[in-house]
Amino acid sequence: MPSFEEAKKKFLAKIGNKTWAQLEDEREAENAAKAKKLMTPEYVSQWGKAKEDAKGN
């Protein structure tokens, strides 16, 4: 099992000199890109219908 200091060095090498906010922004951007890629016209159409149905109630 690696020591805390070894794990800390590995973690810092992985993230570089970034703040927690920068890391979170990158994570959100990656997730947004994945979501955009998955939004097919059929998917968007189906959720548009659900949104309209919700407004009617």
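Before reading on, note that the structure itself is shown above.
Counting starts from 1 at the beginning of each chain's written sequence and moves along it residue by residue. Whole-chain, interface and lining totals are the exception, using all residues; otherwise, since this is a predicted model, local features are given only for residues with pLDDT of at least 70 and side-chain atom pairs are given and counted only at 80 or more. Note that water and hydrogens are dropped before the side-chain values are worked out from all heavy atoms of the structure.

Caption draft 1: Molecular detail of the environment of lysine 9. Secondary structure is summarised from DSSP: a helix means a run of H or I of at least four residues, a strand means a run of E of at least two, and numbering begins at the N terminus for each. As for its position among the elements, lysine 9 is in helix α1 (residues 4-15). Relative accessibility under 20% of the residue-type maximum defines a buried residue, over 50% an exposed one, and the middle range a partly exposed one, all with a 1.4 Å probe and only protein chains included. Classification of lysine 9 by relative accessible area gives exposed; the value is 63%. Taking the C-alpha atoms as reference points, lysine 9 and tryptophan 20, 11 residues apart in sequence, are found 16 Å from one another.

Caption draft 2: Examining the pattern of salt bridges more closely. Any Lys or Arg side-chain nitrogen located within 4 Å of an Asp or Glu carboxyl oxygen qualifies as a salt bridge. Summed over all chains, the structure comprises two salt bridges. Salt-bridge contacts for lysine 18 lead to glutamate 26; the nearest nitrogen and oxygen are separated by 2.9 Å. The partner of arginine 27 in a salt bridge is glutamate 24, with the nearest N and O atoms 3.7 Å apart. Taken together, the residues arginine 27 and glutamate 24, both in helix α2 (residues 20-38) and three residues apart, mark about one turn of the helix. Since its relative accessible area comes to 44%, arginine 27 is described here as partly exposed.

Caption draft 3: Here's a closer look at a nonpolar patch on the surface. Here a patch means residues that are over 30% exposed by relative accessible area and free of salt bridges, tied together within 9 Å if like-charged and within 5 Å if nonpolar (Val, Leu, Ile, Met, Phe, Trp, Tyr). Methods summary: accessible areas were calculated by the Shrake-Rupley approach with a probe of 1.4 Å, and residue burial reflects only the protein chains presented. Taken together, the side chains of Met39, Tyr43, Val44 and Trp47 define a hydrophobic patch exposed on the protein surface, amounting to about 420 Å² of accessible area. Take methionine 39: it is sitting in the loop between α2 and α3 (41-56).

Caption draft 4: How the structure looks around the environment of alanine 54. Structurally, the position occupied by alanine 54 is in helix α3. Residues alanine 54 and alanine 32 lie 22 residues apart in sequence; the distance between their C-alpha atoms is 24 Å.

Caption draft 5: Expanded view of α1. Taking 1.5 Å of rise per residue, the 12 residues of α1 would be expected to cover 16 Å, and the 16 Å separating its terminal C-alpha atoms lies within 8% of that figure. Count one or two residues on from α1 and you reach glycine 16, which has phi positive near 75°. Helices are assigned an expected span. That span is 1.5 Å times one less than the residue count.

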